[in-house]
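A look at the structure
Each chain, letter by letter, is given below.
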Amino acid sequence: MVYKFLFDFDVKIRQVPGTTAARELLVSTALQYLDRLSNDAGNDGALQAEMQKVYQKIGDVQGMYGLPNLGRPKDAIASYQKALAISRSLMATHPEVRDNTRSLAQCLARLAFLQVREKDFAGAVRGLKEALAAEEKSLQRFPPEYPDMRVMGNGYVYLSTAEKNLGEIPAAVEAARQGQDWMARCAAIRN
């Protein structure tokens, strides 16, 4: 419910000139709400999943490159890390739930994308390898769906960039090849 409100409201105002203060208020209010709510979440998987999505969306609004954002990538990284902690908790308690794996992988990929932009290439490689391993394990249990293929494709593309920046050229080339393969699978489903 909170995620839907946050997402819908932000989509409506993000392109409107002069709404930066409103978006800042949206983020700060949502963060205060989540901090209070986290004490009540306990083992409620549905509530934790909702909180994970909201933290991830807040990170997008705070500083995700390529999206209209508030220009605060370090705050976005902190929000993604909170989302990641919840995702890991959900995976530990409910590994059989496909959305938990997908959420974990998506969160790790978002965090890694920002880490690449912030030049933390080693951190990005670690996170991306964890994301890809989680998705691969999930794909052994469930048939691949478009969101999973997209996470795999984007994950390998980001991994290629991070590996290249670390000077790991053969690993970068292999990751780029795998990213291309997954993106081709995505395109085949969409066409």
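One can find the structure itself at the top, above this paragraph.
Residues numbered from 1 in each chain as written. Predicted model: local features only at pLDDT ≥ 70, side-chain atom pairs only at ≥ 80, totals over all residues. Heavy atoms only, no water.

**As for the side chain of serine 87**
Put simply, the rule is: Numbering of helices and strands starts at the N terminus; helices are DSSP runs of H or I of at least 4 residues and strands are runs of E of at least 2. Within 3.5 Å is the distance limit for a polar contact, defined as a pair of N or O atoms, with the added protein rule that one can donate a hydrogen and the other accept it, and that residues adjacent in sequence qualify only through two side-chain atoms. Here, residues are in contact when the closest pair of their heavy atoms is within 4.5 Å.
Note on placement: serine 87 falls in helix H4 (residues 73-93). Among the polar contacts listed, one links the side chain of serine 87 to the side chain of glutamine 52, at a separation of 3.2 Å. Not counting residues within four places of it along the chain, the set of residues in contact with serine 87 comprises Gln52, Ser103, Leu104 and Cys107.

**Re the pattern of salt bridges**
Heads up, the rule is: A side-chain nitrogen of Lys or Arg and a carboxyl oxygen of Asp or Glu constitute a salt bridge if their distance falls within 4 Å. Buried residues are those whose accessible area, probed at 1.4 Å on protein chains only, stays under 20% of the maximum for their type, while exposed residues exceed 50% and partly exposed ones sit between those limits.
In total, this model carries 14 salt bridges according to the counting rule given. A salt bridge links glutamate 118 to lysine 74; the shortest N-O distance between them is 3.0 Å. Highlighted residues: glutamate 118 in the loop between helix H5 (98-117) and helix H6 (121-141) and lysine 74 in helix H4, separated in sequence by 44 residues. Of the charged contacts, one joins glutamate 145 and arginine 98 as a salt bridge, the two residues approaching to 3.6 Å between their closest N and O atoms. Of the two residues, glutamate 145 sits in the loop between H6 and helix H7 (146-165) while arginine 98 sits in helix H5, which places them 47 residues apart along the sequence. By relative accessible area, arginine 98 is classed as buried at 12%. Three or more residues joined by partner-sharing salt bridges are found here, namely Arg98, Asp99, Arg102, Glu145 and Asp148.

**With respect to the state of the cysteines**
For the record, the criterion: The disulfide definition used here is simple: a pair of cysteine sulfur atoms within 2.5 Å.
Counted according to the given criterion, the structure contains zero disulfides. We note that cysteine 107 lacks a disulfide partner, and the nearest cysteine sulfur, in cysteine 186, lies 19 Å from it. Note on cysteine 186: relative accessible area 4%, which makes it buried.

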